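Examining the three-dimensional arrangement
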Amino acid sequence: MTDLAERRGMETEVYQPAEDSRLLAATACDEITGDERVLEVGTGSGYVAERVAAETGATVYASDLNPYACEQARNRGVPVARADLTSPFRAGVFDRVLFNPPYLPRDEDAERDDWMEVALTGGETGREVLEAFLDDVARVLAPGGSVLMLVSTLTDIEAVAAYAADRGLAAETAREEKYPFERLAILKITPEH
């Protein structure tokens, strides 16, 4: 299916860059300027955070629940906190928040008890983790701040946008790519004022 599916059997600790990571990084590099404070939630290997810092000059921090991911991100030179989403961060701190959430719907036949499962599966609908993220992310945004979040047709992009709207967040598609098995989109999310 994808290079991610082929790698799944080899990597069980940290999500490595794939087409979704590259799309988020490219979009962020086009949108972010050097004077911004950026948080990448769920950084995985640290690829996106490292690339954004290197290409834009922005100050980039990261978080991940997975201790192995935190270690890999630190090895890339990314300042990272082991954290659940945005919970430990102060209000109004970040100009941008980036997130490539676990968005695959739960598949009992393929389910495994490892960190890769945590990185890939977003619950029954694929939206549980990103909904928890949307519930709190506006709190950590500085005035004028925005979120760049990857979503997939496997998760129902319109349902994600509607959930954001219910929380006072406007969502528009910043970029998208189509694949035989799904369409990936980067939603640019901003608080409605």
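Anyway, here's the lowdown on the structure attached to this text. (Residues numbered from 1 in each chain as written. Predicted model: local features only at pLDDT ≥ 70, side-chain atom pairs only at ≥ 80, totals over all residues. Heavy atoms only, no water.)

1. Overview of the pattern of salt bridges
- On inspection of all chains with the given rule, the structure shows nine salt bridges.
- Of the charged contacts, one joins Glu 36 and Arg 96 as a salt bridge, the two residues approaching to 2.9 Å between their closest N and O atoms. Here Arg 96 lies in strand β4 (residues 94–99) and Glu 36 lies in the loop between α2 (19–31) and β1 (37–41), a separation of 60 residues in the sequence. Accessibility assignment for this pair places Glu 36 and Arg 96 in one class, buried. (Salt bridge = Lys/Arg side-chain N within 4 Å of Asp/Glu carboxyl O. Helix = DSSP H or I, 4+ residues; strand = E, 2+ residues; numbered from the N terminus. Buried < 20%, exposed > 50% of the residue type's maximum accessible area, 1.4 Å probe, protein only.)

2. Let's talk about the pairing of strand β5 (residues 141–152)
- The element β5 is extensively covered by neighbouring structure, given that 10 of its 12 residues are classed as buried.
- Bridge count for β5 against strand β7 (residues 183–191) is six bridges, and the pairing is antiparallel. Opposite Val 147, over in β7, you have Ile 189 as the bridge partner. (Pairing = 2+ DSSP bridges.)

3. Remarks on the environment of Pro 79
- Mapped onto the fold, Pro 79 is located in the loop between α4 (67–75) and β3 (80–82).
- Judged by its relative accessible area of 40%, Pro 79 falls in the partly exposed class.
- Separated by 16 residues in sequence, Pro 79 and Ser 63 place their C-alpha atoms 8.4 Å apart.
- When residues no more than four places from it in sequence are discounted, the contact partners of Pro 79 are Val 60, Tyr 61 and Ala 62. (Contact = heavy atoms within 4.5 Å.)

4. Examining α2
- Look at α2: 18 Å from first C-alpha to last across 13 residues, which is about the 18 Å you get at 1.5 Å a residue.
- The buried count for α2 comes to 10 of 13 residues, which makes it a mostly enclosed element.
- Buried within α2 are the following residues: Glu 19, Asp 20, Ser 21, Leu 23, Leu 24, Ala 25, Ala 26, Thr 27, Ala 28 and Cys 29. (Expected span 1.5 Å × (residues − 1).)

5. Let's talk about the pairing of strand β6 (residues 169–178)
- Here nine bridges tie β6 to β7, and the two strands are oriented antiparallel to one another. When the sheet's bridge partners are listed, Leu 169 is paired in β7 with Pro 191.
- Two successive antiparallel strands, β6 and β7, enclose a turn made up of four residues.

6. Structural notes on the environment of Arg 90
- With respect to the element layout, Arg 90 can be found in the loop between β3 and β4.
- The class of Arg 90 is exposed, set by a relative accessible area of 63%.
- The sequence separation of Arg 90 and Arg 139 amounts to 49 residues, and the corresponding C-alpha distance is 8.1 Å.
- Excluding its chain neighbours within four sequence positions, the residues that come into contact with Arg 90 are Arg 139 and Val 140.

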